[in-house]
Amino acid sequence: MMNHFMILAVLFPLRTCHTTYSQQESDVFPVTYLNVSKDLDLQRLLVEWDVVKSAHDAELAIFFEIQVRRTNEVVWTEFQNVTLDKLGKPLHWTWDSNIPLECMSHAVRIRSKAGTSKIWSQWSLWKTLPGLDTSNRSGPQIFPKEKVLAEGSNITLCCIGGKGQTIKEFSVYPTVDVVKRTKSQVRLLTVGNLSHDKGSNIHVYCSDEDKGSHEAAFFVGKPPDTPKNFSCQTQDMKRVTCTWTKEETYLYGRNSPQYTLSKTSSQKMALCEASCPEQCSCSWDIGQQQIWNVTVTVENPLGKKSATDVFDVKHRVYPTAPFQVWEECRDTEMTLHWNYKNTEIELFCQTEVVQPDGKVELHNSSVADSRRVTVRGLRPHTEYTARVRCAAARHFWRWSEWSEPLTARTKEGTPSGKLDIWREITPVFGGRNVTLFWKQTPSFQANGKIISYEVTWEKIEDGSQPESISFSSVYNSTRIFLDNHSYRISVMAKNNVNFSLPSILIISRATDNSTEALKEGQVNGTDDGIFLSWEPRSIYDSYIIDWCNFPGLQPCDLQWKRFGPNISSAVISSAAFVPGVRYKFHVYGSVASRASLLEKKIGYLKELPPHLDPIVRKVDLTYNSVTLSWDSYLTNESEPGFVRGYHVYVSPIQGNCNLKGSKKHILSDESELCKYTIENPEEKRYTVKHLMPNTKYKIVVKAFTGGGETPIVNFRYIDTPYNSNMLYFIFLLVIVPTLVAAICHWKMKWVKEWCCPVIPSPNKSKVLSFKEFKMDSEKVLKINDCLPDMLAVDSNADAHKLHPVTWSPVSSTPTEDNTDGHNSSWTYSSENVARDFPPTSQTHTCFENFAYSSPLEAESDPYQIPETLEAGKINQAVVLYQPQCYIDIFHEDAASATRETGKRKNSLKYISQTDVCWPGGRL
């Protein structure tokens, strides 16, 4: 029992699988019919296929997979979902090839799958369309054939070589962007982004190894656009004309756009033949039909577009232009007349009047169907241009074309406004010459042709008869003589109708008040003219400025300009103003037609450098400065600018200039100068300091104006002298010491004896020829052994030159002696004197002898008292100089005592020069 159930469990799934598979096999519907063709003009494959009839009867939804093969490569796969119907019609599909179909063989196959099935049918067999690459060819060929290409598109070209031949060259002219090339017996070339800018057509050239060649031309253009500005209208209610704007497609000849105008309801029959010289138009007779619905179609090889217009002929009236226009003129108005052809249409018209200044005025006729219009408010004796156009009065569509323009002039009228007059007064003997000037202002209207000017003048004080004179219209000035009284002058302009209003000018009585004392103020030029300003005065109702356009000529072309009372500055401009010319301006204040001179101004439109440089007349040189003196600079009217000052340029011939207080100035040749600026134009002298002695300099003086100065061309050269003080210093520093050294060298012995006397050695002196007494190794002279041969004093004055030191037996310390007016240095008392001289109460004197001074130590004194020896040792360092002691010969008593002693012993005892005087005693 168990086995039976196991067998059933195995067989049941197998039965289920077999049933399912058999059912799926019955849901597959393979392709039973397949046909492939090609449209070479469109480079398109046309595919037709079908499946079994049962699929149509069941109206199944079937999926199809379509593949396209080029040579041996599948290049396209596409899925189609189709619901079949019972009609059993074959299925169709198209495919556009991106390369010419002639170039290679193409094949198509299809398989299907029911919508509810998961199993695809078997593929159909490949249906192949052979390309020309498999044919027997005698030479190369280019595909596609000549055709029109859309601007901005891409195209792939191919060239097939002759049988068994390889393509050698495949090129495009003019040069365009080539996207891709291939190399084989079939050569492909893809050109991208075609444009008419590089030519409305391109040429392709192909050749193979057998020298066979082929050429093809392709045209690049644009598909037509919808016609613009398409409208239809009538001028006579009999014939309708439609117009539209011609579009540029860059295609010409048989490829140019073709226009067709027809009724919308039957486009196959054209109403007229279009003409498109600049704007397209097409006309036809309307007959009795009033409402129209028309369509214009434009077509070229790249496309087709159309536009439609629906209209009522009565609402599309476009009248013809008026003709036979003429005028009737008066001084301030003009009436225009005209005719037109559309007598059966009610029109109203518009007139355009062009003023002399170019301003345009439009005037509409107030009455329908009127053929005239009157234009008012015109100026007399003025030329105007007028023309007329009309439009339908009931159903306005558009204006007609303008009539031919008519030029007409209004008649003359009385001049309006006043002349602008001015005067120039020149004092002469017995009176004044008054030159009168007049001109027409913008507010003055001649209103005709001026034929003359009337000048009248009369004396104001006595009311005498006025005098007058008339001038032709070619004159604008005259000169009259007036005495020194006040006069009233008037000037009027006259045309063929009447005089203008008089312009009045009052000439005041001549006085001695001269205006020459007015100082001329300087004014500056600007880009627009010469700027002037003046001090306003409340008493004047206007200001007048006059000047001469050509100051150097006679007449100078006097000009003037008026300003209101609230204006105190102005820019005077004139086409005659030129740089470098000085212009004089007079500012007048005017009240009640009477003018008074207020200020004088002078100025330049633009200042230029001076014509000449200052002439340096004098040059004063020192070793470190130069003073330049020059003549006064002439500042007359011929100068091209106001002299503002001077520049002094200095530079050494060698090296750069760096003088203190100067500024650097670089010339065009890169050389460097020192620049000094003198801002006072009246200055005529300048000193350049801090120069180097014995140096050559170049120097120049330049005048400068507001326009600068002329280029530096000529220099003046100077040489600074040597510095005499320096020479004197060098003489003192070098020559004098050298001279002194030479003299000293020449008198060396004398100088040496004078400056450094030779100290005689005591050992070589005869005075040491005594009995020897030695202390250590030195000989010591005892005073008793010194017997001088002679002691003499030349004069008492020489003795006073010595510095005596006296000592006295009574005093134990040195004292100053002021006896007889001479100073005695020191006085000593000594107990040892008794050993050398007889006891006496006389005073002894010691004289200083620096040449023989020599310190002796106390321990070397043979006469040193033993008791004082120890004390002497303590004070050894005190001994610096020992005065020499001599007998006091300056006192009379001492002298007599000496004489007595000499008589007894025939000699004087010599006082040792080595005697040492110690404080407290003599050694």
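A brief report on the enclosed structure follows. A quick note: this is a predicted structure, and the numbers were derived from the prediction, not measured.

Parameters and conventions
Residues numbered from 1 in each chain as written. Predicted model: local features only at pLDDT ≥ 70, side-chain atom pairs only at ≥ 80, totals over all residues. Heavy atoms only, no water. Helix = DSSP H or I, 4+ residues; strand = E, 2+ residues; numbered from the N terminus. Buried < 20%, exposed > 50% of the residue type's maximum accessible area, 1.4 Å probe, protein only. Contact = heavy atoms within 4.5 Å. Areas by Shrake-Rupley, 256 points an atom, 1.4 Å probe, with all protein chains shown as cover. Pairing = 2+ DSSP bridges. Axes fitted to C-alpha atoms, helices over the stretch in contact; angles between N-to-C directions. Phe/Tyr/Trp six-rings, centres within 6.5 Å; stacked < 30°, edge-to-face > 60°. Salt bridge = Lys/Arg side-chain N within 4 Å of Asp/Glu carboxyl O. Polar contact = N/O pair within 3.5 Å; in protein donor to acceptor, adjacent residues only side chain to side chain. Disulfide = S-S within 2.5 Å. Core = buried A, V, L, I, M, F, W, Y, C linked by side-chain atoms within 4.5 Å.

## Details of the overall build of the chain
Here comes step 1: Helices and strands together make up the secondary structure of the chain, namely eight helices and 58 strands.
Here comes step 2: Going through the 923 residues of the chain one by one, you find that 39% of them count as buried.
Here comes step 3: If you take every contact in the chain between residues at least 6 apart in sequence, the share linking residues at least 24 apart comes to 64%.
Here comes step 4: As displayed, the chain has an accessible area near 54,300 Å², and 52% of this comes from carbon and sulfur atoms.

## Looking at the sheet that holds strand β28 (residues 383–392)
Here comes step 1: Within the open sheet, the four strands sit side by side as β26-β25-β28-β29. Their pairing is antiparallel. Unpaired on one side and paired on the other, β26 (360–364) and β29 (406–409) mark the two borders of the sheet. On average, each strand axis in the sheet is inclined to that of its neighbour by 30°, with strand direction left out of account.
Here comes step 2: Taken together, the eight bridges between strand β25 (residues 347–354) and β28 define a ladder with antiparallel strand orientation. Bridging across to β28, Phe-348 finds its partner in Ala-391.

## Side note on the sheet that holds strand β50 (residues 696–705)
Here comes step 1: Sheet architecture is open: five strands sit in the order β47-β48-β46-β50-β51, paired in antiparallel fashion. Either end of the sheet is taken by a strand with one partner, and the two such strands are β47 (663–666) and β51 (716–719). Put simply, the sheet's adjacent strands are angled 35° from each other on average, direction ignored.

## Some thoughts on the pairing of strand β23 (residues 323–329)
Here comes step 1: Summarising the sheet, β23 and strand β24 (residues 333–339) pair through five bridges and their orientation is antiparallel. Each residue of the ladder has a partner; that of Glu-328, found in β24, is Thr-335.

## Examining the pairing of strand β39 (residues 542–548)
Here comes step 1: Most of β39 sits out of view: seven of its seven residues are buried.
Here comes step 2: Burial along β39 is two-sided: Ser-542, Ile-544, Asp-546 and Cys-548 and Tyr-543, Ile-545 and Trp-547, pointing in opposite directions, are all buried.
Here comes step 3: Note: β39 against strand β42 (residues 582–591), six bridges, orientation antiparallel. Each residue of the ladder has a partner; that of Trp-547, found in β42, is Phe-585.
Here comes step 4: Here β39 runs beside strand β40 (residues 558–563); their pairing, made up of six bridges, is antiparallel. Bridge pairing in β40 places Cys-548 opposite Leu-558.

## Some points on the packing of aromatic side chains
Here comes step 1: A complete count under the given rule lists 23 aromatic pairs for this structure.
Here comes step 2: Judged by centre distance (6.3 Å) and plane angle (50°), the rings of Phe-79 and Trp-120 are tilted. Separated by 41 residues along the polypeptide, Phe-79 in strand β4 (residues 73–83) and Trp-120 in the loop between β6 (106–114) and β7 (127–129) bring together distant segments of the chain.
Here comes step 3: Residue classification places Phe-79 among the exposed residues on the basis of a relative accessible area of 52%.

## Remarks on the pattern of salt bridges
Here comes step 1: Within this structure, the stated rule accounts for 24 salt bridges.
Here comes step 2: Among the ionic pairs, Glu-461 bridges to Arg-509, the shortest N-O distance being 3.2 Å. Here Glu-461 is found in the loop between β32 (452–459) and β33 (467–472), whereas its partner Arg-509 is found in the loop between β36 (503–507) and β37 (520–525), with 48 residues between them in sequence.
Here comes step 3: We classify Glu-461 as partly exposed; its relative accessible area is 39%.
Here comes step 4: Of the residues examined, Arg-509 reaches a relative accessible area of 44% and is grouped as partly exposed.
Here comes step 5: Between Arg-537 and Glu-599 there is a salt bridge; the shortest N-O distance is 3.5 Å. Taken as a pair, Arg-537 in the loop between β38 (530–533) and β39 and Glu-599 in strand β43 (residues 594–604) lie far apart in primary sequence, 62 residues in all.
Here comes step 6: Salt bridges sharing partners connect three or more residues here, namely Asp-225, Lys-228 and Glu-247.

## Quick look at unusual backbone geometry
Here comes step 1: With an omega of 0°, the peptide bond running from Phe-143 to Pro-144 counts as cis.
Here comes step 2: The topology assignment puts Pro-144 in the loop between β8 (141–143) and β9 (148–150).
Here comes step 3: Backbone torsion omega between Gln-554 and Pro-555 reads 0°, so that peptide bond is classified as cis.
Here comes step 4: Phi at Glu-59 takes a positive value of approximately 50°, unusual for a residue other than glycine.

## A look at the environment of Arg-387
Here comes step 1: Relative to the elements of secondary structure, Arg-387 occurs in strand β28.
Here comes step 2: Separated by 19 residues in sequence, Arg-387 and Leu-406 place their C-alpha atoms 6.1 Å apart.
Here comes step 3: For Arg-387, the side chain forms a polar contact with the side chain of Glu-352, separated by 2.7 Å.

## Quick look at the state of the cysteines
Two cysteines, two sulfur atoms, one covalent bond between them: this is a disulfide.
Here comes step 1: Tallied over the full model, the rule gives eight disulfides.
Here comes step 2: One disulfide in the model links Cys-159 with Cys-206; its S-S distance is 1.7 Å. One disulfide, between Cys-159 and Cys-206, carries an S-S torsion of -85° and so falls in the left-handed class. Here the residue Cys-159 occupies a position in strand β10 (residues 155–160), and Cys-206 occupies one in strand β14 (residues 201–208), the gap between them amounting to 47 residues.
Here comes step 3: Residue classification places Cys-159 among the buried residues on the basis of a relative accessible area of 0%.
Here comes step 4: Take Cys-206: its relative accessible area is 0%, and that puts it in the buried class.

## A look at the nonpolar core
Here comes step 1: Ranked by size, the top nonpolar core spans 23 residues in total, and within it Leu-45, Val-47, Trp-49, Phe-64, Val-108 and Ile-110 carry the most contacts.
Here comes step 2: Those elements that place two or more of their residues in this core are β1 (31–39), β2 (44–51), β3 (61–70), β5 (91–96) and β6.

## Side note on the side chain of Arg-109
Here comes step 1: Relative to the helices and strands, Arg-109 is located in strand β6.
Here comes step 2: There is a polar contact of 3.0 Å between the side chain of Arg-109 and the side chain of Gln-67.

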